[in-house]
Amino acid sequence: MNDNTEKSKPTIFYAKNSEPKKHSRSAKEKPSGWKGQRKDNSSPFNAKRDHNDRIETFKPRNDKSEFVKKRFTVELNQSQSAIANDSPWQKKVRNNDQAPTFGYDGYRQRKEETLVYSENSCKAVFKHRRIAIVKLFITQEMTYQFKDLIDWLVKQRLGYDVVSSEQISKITQTQHHGGVCLIVKKRVPLTLLDYLEESSDKDHDCILAIDDVNNPHNLGGLIRSAAFYGVNGVMLRQTNLLDSGSAMRVAEGGIEAVAAIKSDDFIASIDMLKQHGYQVVALLPCQSKSIASSELHKIRFNKKVALVIFQQINMKLINNADVTLHIQGNENMPALNISVATGILLSNLKK
């Protein structure tokens, strides 16, 4: 048997059942070479072996797959126990993070949808355009006030979730949500020509033309006053401001009661309103000595009126208006908030 044949064989070791002897190399013993070990009878290849003393060695076993299986089993058991302890069937309010299908916390907002929150705003949406509702988030305490809405959602097979107040705060990004939040489709604004065609048979009409009012709270206050005094339409350059959750919350549902009119050119829109018999009235945010204006009680209004409201004085709009007026103040407070001043003007207009 040659050396190459011996090397190609698997390595086999033999051990006895008896306790192995402790070998100690004395000073006289010298290590022998490889040839000497092969001729020695103590070599494992020449000694007599017992079948029970045979130990075979193989390639090292890869235990990675078994480790992965054990780890997966442990994690599965932990997740099942966590689900059992946090089951939504055991409590009414879920603690798992939820977000609207379009919105916040990692979700991308859909362009055609927006958020509506607060009690009166959500009730107004359900009253005027319930077909636009996509989903409802509500706390357990508010479910009894929206029983009709929940029943309608169930019949329409639309989703609603009973969640905690903290989860609605994450969705709406505000603490002033009132425990209820709706995902709704945005309204499609009208053009001024379409609005005039729809209201051509009206003897009395009032349009609120809002220019350069970007604060959602002021805008919501304006819309609330407009809805309170029966204004039929609100004209803006950016009608998407009416889809702001803050504006709708301050408006308390008033946005649903007025038509949104989009105008890219206010000067051209004012000329069109004049051609259709509207009296254009510009309200100054405060009295100015350089601008000729009249006090409110001295003005007589026509049956069809378009009120132009702005925070920053726009001389082009003032020059195109039929009447310019102001509300007289005093030295301590020369001007009112724009929404408050508009409410006073609308109250006199109604009289």
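Residues numbered from 1 in each chain as written. Predicted model: local features only at pLDDT ≥ 70, side-chain atom pairs only at ≥ 80, totals over all residues. Heavy atoms only, no water.

**Student:** Quick question: what am I supposed to make of the confidence of the model for the chain here?
**Tutor:** Predicted coordinates in areas of low pLDDT are best not read in detail. Residues of the chain with pLDDT of at least 70 account for 68%, and the chain-wide mean is 77. For residues 32-49, every residue scores under 50 in pLDDT, and the model assigns this stretch 14 contacts once sequence neighbours within four places are set aside. Segment residues 51-59 is flagged for pLDDT under 50; beyond a separation of four residues in sequence, or across chains, it makes 14 contacts in the model. (pLDDT = per-residue confidence, 0-100. Contact = heavy atoms within 4.5 Å.)

**Student:** What should I look at first to understand the side chain of Thr 143 in this one?
**Tutor:** Following the sequence through the fold, Thr 143 ends up in the loop between strand 4 (133-138) and helix 5 (147-155). Overall, Thr 143 belongs to the buried group, its relative accessible area being 17%. (Helix = DSSP H or I, 4+ residues; strand = E, 2+ residues; numbered from the N terminus. Buried < 20%, exposed > 50% of the residue type's maximum accessible area, 1.4 Å probe, protein only.)

**Student:** It is not clear to me how helix 8 (residues 216-228) should be interpreted in this structure. Could you clarify?
**Tutor:** Counted at 1.5 Å a residue, the expected span for helix 8 with its 13 residues is 18 Å, and the 18 Å between its end C-alpha atoms agrees. When helix 8 is considered as a whole, its buried residues turn out to be Asn 218, Leu 219, Gly 220, Gly 221, Leu 222, Ile 223, Ser 225 and Ala 226. In this structure Asn 215 caps helix 8, since a side-chain oxygen of it lies 2.8 Å from the backbone nitrogen of His 217. One or two steps after helix 8, the chain reaches Gly 230, where phi turns positive at roughly 80°. (Expected span 1.5 Å × (residues − 1). Polar contact = N/O pair within 3.5 Å; in protein donor to acceptor, adjacent residues only side chain to side chain.)

**Student:** How should the pattern of salt bridges be read in this particular structure?
**Tutor:** Opposite charge on two side chains makes pairing possible when the charged atoms of those side chains draw close. Enumeration according to the criterion identifies seven salt bridges in this entry. Measuring nitrogen to oxygen at the nearest pair gives 2.5 Å for the salt bridge that ties Arg 129 to Glu 256. Of this pair, Arg 129 sits in the loop between helix 4 (119-128) and strand 4 while Glu 256 is found in the loop between helix 9 (245-251) and strand 10 (259-262), placing the two residues 127 residues apart along the sequence. Of the two residues examined, Arg 129 and Glu 256, each falls in the buried class. The partner of Asp 161 in a salt bridge is Lys 135, with the nearest N and O atoms 3.4 Å apart. Here Asp 161 is found in strand 5 (residues 159-162), whereas its partner Lys 135 is found in strand 4, with 26 residues between them in sequence. Lys 135 sits in the buried class, given a relative accessible area of 17%. (Salt bridge = Lys/Arg side-chain N within 4 Å of Asp/Glu carboxyl O.)

**Student:** Please explain a nonpolar patch on the surface as it appears in this structure.
**Tutor:** Judged by side-chain polarity, Leu 336, Val 340 and Ile 344 come together as a nonpolar surface patch covering roughly 220 Å² of accessible area. Note on placement: Ile 344 falls in helix 12 (residues 338-350). (Patch = residues over 30% accessible without salt bridge, like charges linked within 9 Å, V, L, I, M, F, W, Y side chains within 5 Å. Areas by Shrake-Rupley, 256 points an atom, 1.4 Å probe, with all protein chains shown as cover.)

**Student:** It is not clear to me how the environment of Val 125 should be interpreted in this structure. Could you clarify?
**Tutor:** As for its placement among the helices and strands, Val 125 is situated in helix 4. Residues Val 125 and Gly 253, 128 residues apart in the sequence, show an inter-C-alpha distance of 7.2 Å. Every residue in contact with Val 125, bar those within four places of it in the chain, is listed here: Val 116, Arg 130, Ile 133, Leu 182, Val 184 and Glu 256.

**Student:** I tried to follow the side chain of Thr 114 on my own but got confused; where do I start?
**Tutor:** Looking at the secondary structure, you find Thr 114 in strand 3 (residues 113-117). What makes Thr 114 buried here is its relative accessible area of 7%. Polar contacts involving the side chain of Thr 114 include one to the main-chain carbonyl oxygen of Asp 243, which spans 2.8 Å.

**Student:** Teacher, can you tell me more about unusual backbone geometry here?
**Tutor:** Residues other than glycine predominantly adopt negative phi, and peptide bonds predominantly adopt the trans conformation. Phi at Gln 173 takes a positive value of approximately 60°, unusual for a residue other than glycine. Inspection of the secondary structure puts Gln 173 in the loop between helix 6 (165-172) and strand 6 (180-185). Phi at Asp 212 is positive, roughly 60°, even though this residue is not glycine. You can see Asp 212 is positioned in the loop between strand 8 (205-211) and helix 8.

**Student:** Sorry, what's going on with the packing of helix 8 against helix 12 here?
**Tutor:** Geometry of a packed helix pair, given as the angle between the helix axes and the separation of the axes. At a minimum axis distance of 8 Å, the contact between helix 8 and helix 12 shows a crossing angle of 15°. Our classification of the angle between helix 8 and helix 12 gives roughly parallel. Classified by chirality, the crossing of helix 12 by helix 8 is right-handed. Taken together, the residues of helix 12 that come into contact with helix 8 (itself represented by Asn 218, Gly 221, Leu 222, Ser 225 and Ala 226) are Ile 338, Ser 339, Thr 342, Gly 343 and Leu 346. In terms of residue class, the contact of helix 8 with helix 12 is made up of four nonpolar, six polar and no charged. (Axes fitted to C-alpha atoms, helices over the stretch in contact; angles between N-to-C directions. Parallel < 35°, antiparallel > 145°, perpendicular 65-115°, else oblique. Left-handed = near helix turned anticlockwise from the far one by under 90°. Nonpolar A, V, L, I, M, F, W, Y, C, P; charged D, E, K, R; others polar.)

**Student:** Got a minute to help me understand the sheet that holds strand 3 in this structure?
**Tutor:** Strand pairs in the sheet, formed through backbone hydrogen bonds, run parallel or antiparallel to each other. With mixed pairing, four strands are arranged side by side in an open sheet as 3-6-4-5. Two strands in the sheet have a free side with no partner beyond their single neighbour: strand 3 and strand 5. Geometrically, the sheet is characterised by an average inter-axis angle of 15° between neighbouring strands, direction not taken into account. The sheet contact formed by strand 4 and strand 5 spans four bridges and is parallel. For Phe 137, the partnering residue across the bridge sits in strand 5 and is Asp 161. Sitting on the sheet, helix 4 is in contact with strand 3, strand 4 and strand 6, with an inclination near 40° to strand 6. Each of strand 4, strand 5 and strand 6 touches helix 5; the most contacted strand, strand 4, lies at about 130° to it. (Pairing = 2+ DSSP bridges.)

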